[in-house]
Amino acid sequence: SFTFLPIPNAKITAEELGATQFVAPTARTELDPPAYPEEALAAGASPHIVTVRLTIDPLDGRVTRVEQSPLLASSEGAFAKDFWIAAERAVRLWRFTPGRMDRYEEGADVDGDGVSDSRMRAESIPVPVFYDVRFDFVIRAGTPQVQSSAGP
């Protein structure tokens, strides 16, 4: 499973805005897994894990930063750099709708009972979001496979 999270040290926070709802990014492109590195495949490299933390741009939904996820260490080994490069290349092609904080205001009292009859989105503020993804690189029966924890 996965969860999108607004970056904790972002300049805009829900508390500062009075925002009432975080709206997570959604994938605008297929979240294609990386290609298996050719040299690692030719060498029959052992299974390898790469975990990355992506930063999703608050304006256009592009991946602007790729770094090691703090949730789980990537595997080490002779081809670790090749696996990392393959993962980074793949995720930099992913596109998302930007994350945002929506602030709502009470609407009009249509029926005159002194209570608002609706809520309206008053403001929608884009926020940077990070997303942790795990890639498992394996060779099964001579066939390279890459599984991803990325959501739909």
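Residues numbered from 1 in each chain as written. Predicted model: local features only at pLDDT ≥ 70, side-chain atom pairs only at ≥ 80, totals over all residues. Heavy atoms only, no water.

## Concerning the overall build of the protein chain
Point 1. The secondary structure content of the protein chain amounts to three helices and eight strands.
Point 2. Listing every helix and strand of the protein chain by position from the N terminus yields β-α-β-α-β-β-α-β-β-β-β.
Point 3. Looking at the protein chain as a whole, 36% of its 152 residues are labelled buried.
Point 4. Considering only intrachain contacts with a sequence separation of at least 6, the fraction spanning at least 24 residues in the protein chain is 69%. (Helix = DSSP H or I, 4+ residues; strand = E, 2+ residues; numbered from the N terminus. Buried < 20%, exposed > 50% of the residue type's maximum accessible area, 1.4 Å probe, protein only. Contact = heavy atoms within 4.5 Å.)

## A few points about helix H3 (residues 80–91)
Along an α-helix, residues three or four apart share an orientation, since each turn contains 3.6 residues.
Point 1. In a regular helix each residue adds 1.5 Å, so twelve residues correspond to 16 Å; H3 covers 17 Å between its end C-alpha atoms and thus fits that length.
Point 2. Turning to H3, its buried residues number three or more, namely Phe-83, Ala-86, Ala-87, Ala-90 and Val-91. The buried residues of H3 all sit within an arc of 125° when viewed along its axis, so they share a single face. Exposed residues on H3 whose side chains face more than 90 degrees from its buried face are Lys-81 and Arg-89.
Point 3. Packing partners of the buried residues in H3 comprise helix H2 (38–42), strand E3 (48–56), strand E4 (63–68) and strand E7 (129–140). (Expected span 1.5 Å × (residues − 1). Arc of directions from axis to C-beta.)

## Some details on the confidence of the model for the protein chain
Point 1. Confidence along the protein chain averages 87 in pLDDT terms, with 87% of residues attaining 70 or more.
Point 2. Averaged over each element, pLDDT in the protein chain is lowest for helix H1 (residues 14–17) (52) and highest for H3 (98). (pLDDT = per-residue confidence, 0-100.)

## A few points about the sheet that holds strand E5 (residues 99–106)
Point 1. Taken together, the three strands give an open sheet; going across it, the order is E2-E5-E6, and neighbouring strands pair in antiparallel fashion. Edge positions in the sheet fall to strand E2 (21–23) and strand E6 (119–127), since each has one partner strand and no second. Ignoring which end each strand starts from, the neighbouring axes of this sheet average 30° apart.
Point 2. In this structure, E5 lies alongside E6, joined through eight bridges in antiparallel fashion. Across the sheet, the residue bridging to Glu-106 is Arg-119, located in E6. (Pairing = 2+ DSSP bridges. Axes fitted to C-alpha atoms, helices over the stretch in contact; angles between N-to-C directions.)

## A closer look at the nonpolar core
Point 1. If you look at the biggest cluster of nonpolar residues, it comprises 24 residues, and the most contacted ones within it are Val-52, Leu-54, Trp-94, Tyr-131, Val-133 and Phe-135.
Point 2. When residues of this core are traced back to their parent elements, those giving at least two are E3, E4, H3 and E7.
Point 3. The element contributing the most residues to this core is E7, with five residues. (Core = buried A, V, L, I, M, F, W, Y, C linked by side-chain atoms within 4.5 Å.)

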